Amino acid sequence: MGILEGLVSGFGQAISFEVLPYLIVGSIFGMIIGIIPGLSGHFAMAMLIPFLYKMDPAPGIAFLLAAHATVAQGGGLTAILFSTPGTGQNAATLLDGPPMREQGKAGVAVGAAMTACFLGATFGAIALALLLPVLQQVVLFFGPPEIFVLSFLALTFIAVLGKEDMTRSLIAGLLGLLVSMIGIDNVTNQERFTFGLLELYDGLPLVPVILGLFAVAEMFDLFVKGGSLVDKQHGTLSAGETQKQIFEGIGIALKKWWLVMRCSAIGTTIGIIPGLGSAPAAFIAYGHAKQTSKSKETFGKGNIEGVIGAEAANDAVEGGALASTVAFGIPGSSSMAILLGGLFILGLETGVDMVTTDVDIVFVMIFTVIFGNLIGTIFGMFLVNPIARATSIRSSIMVPILIAVVVTGAFAAQGSLFDIVVTLIFGVIGYLMKILNYSRAAMLIGYVLGHAVEKNLYLATQLKGTFFFLSPIPLTLCLITLGFIAYNVYGMIVDRERQQ
Amino acid sequence: MANNLETESAVNRNALELATLFIAAVLTLAAFIAAISYDFSSSRPLFVILVPLVVLILVQIYRTMKQANAETSLNVVKAALGGKVLDFAVSVKFFILLLALLVCIYILGHYAGLMFAMFYLIRVHGGESMKMSLMVPIITALALFALFELVFSIELFQGQLYRYFAGYRIW
């Protein structure tokens, strides 16, 4: 399928009656999850994954991706209104959002943040569309040996660049790969770590693993912490005043279009690199906004450029992250790993097929990101005050409701009680990883990549022999991986010596 | 005071990490031994993963041991198992509640089991009012029924009790 044909078909599907309702529901759901502190983008996606079994590809992708696309918008709202980032990626918004609220300009900040999010996401999505012709050519150079080595390079990037400790993250990534090997080997029919359990013959099911690692683990956290979801409630503005200020904020964000473009470019570029994610992108964009501002001294005291820069970069990340996920099947973050799992459930293959044959699906993703953010912006503009009240729900009520949804989702995926058991076990593992600072993203990415790693290792050895990694591209990727680890270990040693 | 709490929390975390790593090391070694018995094509990817994994786990145990006193860690683990570490005790309680929820679903069925467990969590653990404790589970169950059974046509587990009275052989 050609790019123009894919664009028209993708647009048509995204606005069709079959897809649009899911896109709208997904956007609103994502926004509400984003508003609730402690629940993030991967939580929103994890909750929606069980429904995919009953859906067609286009509605399924729209449902899943729309929820993820609007989480940052919701999180920005909470950061501005309650000084608590709804998600980790909104941490940079805390620097100037709450000071603006203290000055009585909460609505202006919300309006500017929402618009910046929408424009940033649109920029990232367009960048992905423009990258498609390049990806179509590049992906042809990547056969089994290249994908095998690339998987390890991606895991290394995630382990090194992620916010968690490198050794712990590498352990998590390898554990994820190991867990993915459970079940019957498709090539030799060898049972591996099944303990004779029929339920494990097909391997550990994807949905319960995702729900356990990300949803149940958060429930543990909320249950242990208890109390309300935000520590301090601030008075909200009247509905009329909020609307007036929001439109003022939208106007300011549109006037600062050049800043939005620059910060979005930063976000998209960072999104392509596996492991970095939205939070660093937002901080780098914030730094850039401050450096290039005429009023640097007001940053941190309520400068709207700080809010615009951080929020634009936040959402622009998605376009870049989607590029590596759809082209190589290498997810750069936990959310992209869940998306990849969702694509498997929907019967779609990433890689060459996705960027050459299923171009319309890529465009459904692109339009979902754009429309999802637009819906989020409109929804957020008119319902700021009511949806912000979601944060006042006590965890004693929130946890049982979410647990009910999670358990039902785990069962519904395959109609098996065993899946609920797997969910609980991975909930404990996820919670332990969370409190011990082990990267759950690395584990999930390892788990999702496991099948590709095994299949490509087998094919690579069959096609090119044991020393397949000595071919030019795999060797270069191997050297980058080793060099990257060595450079970071060296950096750690130097840092330790300096501290002593 | 805050410093003391932080130190105590770090000691507890180190002890928990050590205990977790030891369990992970034992399981990984067991996986390694099991992998030896597999066909080479099936065990090759396992070795590619297990060799660096074992090394990294040992490195992390060494790093944690350097930060933590082994005897103190052992005492913390003993205290945790005796229910004297609050966060650990609450986490274990939550896990037991989740297991109880599973048992409820198995016996009573999905909706009844969920409502029962939710009522317990909201009323007994959360200390909420009776009205709230009844309302939230009922509304949640109705919403789940509408979403799963009506919208997505996914039939949830009916429970062994129902199956028994419906004439199924359940044992």
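All residue numbers here refer to positions counted from 1 along the written sequence of the relevant chain. Chain letters and ligand numbers both follow the written order, the letters beginning at A and the numbers at 1. It should be noted that, the model being predicted, local features are given only for residues of pLDDT at least 70 and side-chain atom pairs only at 80 or more, the latter also being counted only at that level, while totals for whole chains, interfaces and linings use all residues. For side-chain calculations, the full set of non-hydrogen atoms in the structure is used, while hydrogens and water are omitted.

(A) Geometry of the overall build of chain B. Each helix and strand in chain B was counted, giving seven helices and zero strands. To qualify as a helix, a DSSP run of H or I must reach at least 4 residues; to qualify as a strand, a run of E must reach at least 2; elements of each kind are numbered from the N terminus. Ordered by position in the sequence, the α and β elements of chain B form the string α-α-α-α-α-α-α. Against the 2.2 N^0.38 benchmark of 16 Å for 171 residues, chain B shows a C-alpha radius of gyration of 23 Å, more extended than a compact globule. Expressed as lengths along the three principal axes of its C-alpha atoms, the size of chain B is roughly 60 × 55 × 30 Å. Here chain B holds 171 residues, and the buried ones make up 37% of them. In what follows, residue pairs with any heavy atoms lying within 4.5 Å of each other are defined as contacts. At a minimum sequence separation of 6, the contacts of chain B that also span at least 24 residues come to 53%. The reference for a compact globule is 2.2 Å times residues^0.38; the radius of gyration itself is calculated from the C-alpha atoms. Using a 1.4 Å probe on the protein chains alone, a residue whose accessible area is under 20% of its type maximum counts as buried, one over 50% counts as exposed, and one in between counts as partly exposed.

(B) Fine view of the overall build of chain A. A count of helical and extended segments in chain A gives 21 helices and two strands. Computed over C-alpha atoms, the radius of gyration of chain A comes to 22 Å, within 12% of the 23 Å expected from 2.2 N^0.38 for 500 residues, which places it in the range of a compact globule. Considered along the principal axes of its C-alpha atoms, chain A spans approximately 70 × 60 × 45 Å. Within chain A, buried positions represent 63% of all 500 residues. Taking as baseline every contact in chain A between residues at least 6 positions apart, the subset at least 24 positions apart corresponds to 80%. Per element, the accessible surface of chain A, about 18100 Å² overall, is 66% carbon and sulfur. To measure how exposed things are, a 1.4 Å probe is used in the Shrake-Rupley method; for residues, cover is taken only from the protein chains shown.

(C) Focus on the packing of helix H9 (residues 206-225) of chain A against helix H20 (residues 440-464) of chain A. All names here are of chain A. Note on method: axes are straight lines fitted to C-alpha atoms, helices fitted across the in-contact stretch only, with angles between N-to-C directions ranging 0 to 180 degrees. Interhelical geometry of H9 versus H20 gives an angle of 175 degrees and a closest axis separation of 11 Å. By the angle class used here, H9 and H20 are roughly antiparallel. The segment H9 lies against H20, with Leu-206, Val-209, Ile-210, Leu-213, Phe-214, Ala-217 and Glu-218 engaging Arg-440, Ala-441, Met-443, Leu-444, Tyr-447 and Val-448. Note on residue classes: Ala, Val, Leu, Ile, Met, Phe, Trp, Tyr, Cys and Pro are nonpolar, Asp, Glu, Lys and Arg are charged, and everything else, Gly too, is polar. For the contact of H9 with H20, the class distribution of residues is 11 nonpolar, no polar and two charged. Angle categories are assigned with fixed cut-offs, so that under 35 degrees is roughly parallel, over 145 is roughly antiparallel, 65 to 115 is roughly perpendicular, and the rest are oblique.

(D) Just the side chain of Asp185(A), in detail. Along the chain, the position of Asp185(A) falls in the loop between strand E1 (183-184) and strand E2 (191-192). Pairs of N or O atoms within 3.5 Å make up the polar contacts considered here, provided that, within protein, one atom can donate a hydrogen while the other can accept it, and that residues adjacent in sequence are counted only when both atoms are side-chain atoms. In terms of polar contacts, Asp185(A) uses its side chain to reach the side chain of Ser42(B), at 2.6 Å. Not counting residues within four places of it along the chain, the set of residues in contact with Asp185(A) comprises Gln190(A), Arg192(A), Glu454(A), Ser41(B) and Ser42(B).

(E) Molecular detail of the packing of aromatic side chains. Residue and element names in this part refer to chain A. Two rings from Phe, Tyr or Trp (for Trp, the six-membered ring) form a pair when their centres are within 6.5 Å of each other. A pair whose planes differ by under 30 degrees is stacked, one over 60 is edge-to-face, and the rest are tilted. One pass over the full model with this rule turns up 22 aromatic pairs over all chains. Each ring, one from Phe-220 and one from Tyr-431, has its centre 5.2 Å from the other, and the planes form 15 degrees; the classification is stacked. Of this pair, Phe-220 sits in helix H9 while Tyr-431 sits in helix H19 (residues 417-435), placing them 211 residues apart in sequence. On the accessibility criterion, Phe-220 (3% relative accessible area) is buried. Owing to a relative accessible area of 8%, Tyr-431 belongs among the buried residues under this scheme. Arranged with centres 5.5 Å apart and planes meeting at 75 degrees, the rings of Tyr-286 and Phe-299 form a pair that is edge-to-face.

(F) Looking closely at the interface of chain A and chain B. The interface of chain A with chain B comprises 55 residues on the first partner and 56 residues on the second. For the pair chain A and chain B, the two sides together bury roughly 5100 Å², of which 80% comes from carbon and sulfur. Here, a salt bridge means any side-chain nitrogen of Lys or Arg that lies within 4 Å of a carboxyl oxygen of Asp or Glu. Applying the counting rule to chain A against chain B returns two salt bridges. Across the pair Glu17(B) and Arg168(A) runs a salt bridge, and its minimum N-O distance is 2.9 Å. We define buried area as the total accessible area lost by two parts upon association, computed with a 1.4 Å probe and summed across both.

(G) A look at the nonpolar core. Residue and element names in this part refer to chain A. Working definition of a nonpolar core: buried Ala, Val, Leu, Ile, Met, Phe, Trp, Tyr and Cys residues. They are joined through side-chain atoms within 4.5 Å. Core analysis: the largest hydrophobic core is formed by 171 residues, its most contacted members being Leu-204, Met-365 and Leu-444. With 15 residues, the top contributor of residues to this core is H9. When near neighbours in sequence (up to four residues on either side) are disregarded, Leu-204 contacts Val-179, Ile-182, Val-209, Val-422, Phe-426 and Tyr-447. Core analysis: the second largest hydrophobic core is formed by 33 residues, Val-108, Ala-285, Phe-299 and Ile-308 among them.

(H) Quick peek at helix H6 (residues 106-138) of chain A. Residue and element names in this part refer to chain A. A helix is expected to reach a length of 1.5 Å times the quantity of its residues less one. Helix length check: H6, at 33 residues, gives a terminal C-alpha distance of 46 Å against a target of 48 Å (1.5 Å per residue), a fit within 8%. Leu-132 marks where H6 bends most, by close to 45 degrees; the proline Pro-133 follows one to four residues later. Among the 33 residues that make up H6, 24 are buried, leaving the element largely enclosed by the rest of the structure. Bend, at a single residue, is the angle you get between axes fitted to the 7 residues ending at that residue and the 7 residues starting at it.

(I) Representation of helix H2 (residues 20-35) of chain A in the model. For H2(A), with 16 residues, the first-to-last C-alpha span of 23 Å sits near the 22 Å given by 1.5 Å per residue. Listed as buried for H2(A) are Leu23(A), Gly26(A), Ser27(A), Gly30(A), Met31(A), Ile33(A), Gly34(A) and Ile35(A).

(J) How the structure looks around the environment of Lys66(B). Take Lys66(B): it is sitting in helix H2 (residues 40-67). Separated by 22 residues in sequence, Lys66(B) and Phe88(B) place their C-alpha atoms 23 Å apart.

(K) Seen up close, the confidence of the model for chain A. The predictor's confidence in any single residue is recorded as pLDDT, a number from 0 to 100. In this model, chain A carries an average pLDDT of 82, and 92% of its residues clear a pLDDT of 70 or more. The spread of mean pLDDT over the elements of chain A runs between helix H17 (residues 384-388) of chain A, the lowest at 67, and H19(A), the highest at 91.

(L) Geometry of the pattern of salt bridges. All names here are of chain A. Across all of its chains, the model carries nine salt bridges over all chains by this definition. The partner of Asp-185 in a salt bridge is Arg-192, with the nearest N and O atoms 3.9 Å apart. A single burial state applies to Asp-185 and to Arg-192, both of which are buried. Note that Lys-256 and Glu-305 form a salt bridge whose closest N and O atoms lie 3.1 Å from each other. A residue pair is termed long-range when its members are at least 10 positions apart, and Lys-256 in the loop between helix H10 (239-255) and helix H11 (257-272) and Glu-305 in helix H13 (residues 304-328) qualify at 49 residues.

(M) The state of the cysteines, seen in detail. All names here are of chain A. What counts as a disulfide here is a pair of cysteine sulfur atoms lying within 2.5 Å. Counted under the stated rule, the structure contains zero disulfides over all chains. A disulfide-free cysteine, Cys-263 has its sulfur positioned 12 Å from the sulfur of Cys-117, the nearest such atom. Taking relative accessible area as the criterion, Cys-263 reaches 0% and is therefore assigned buried.

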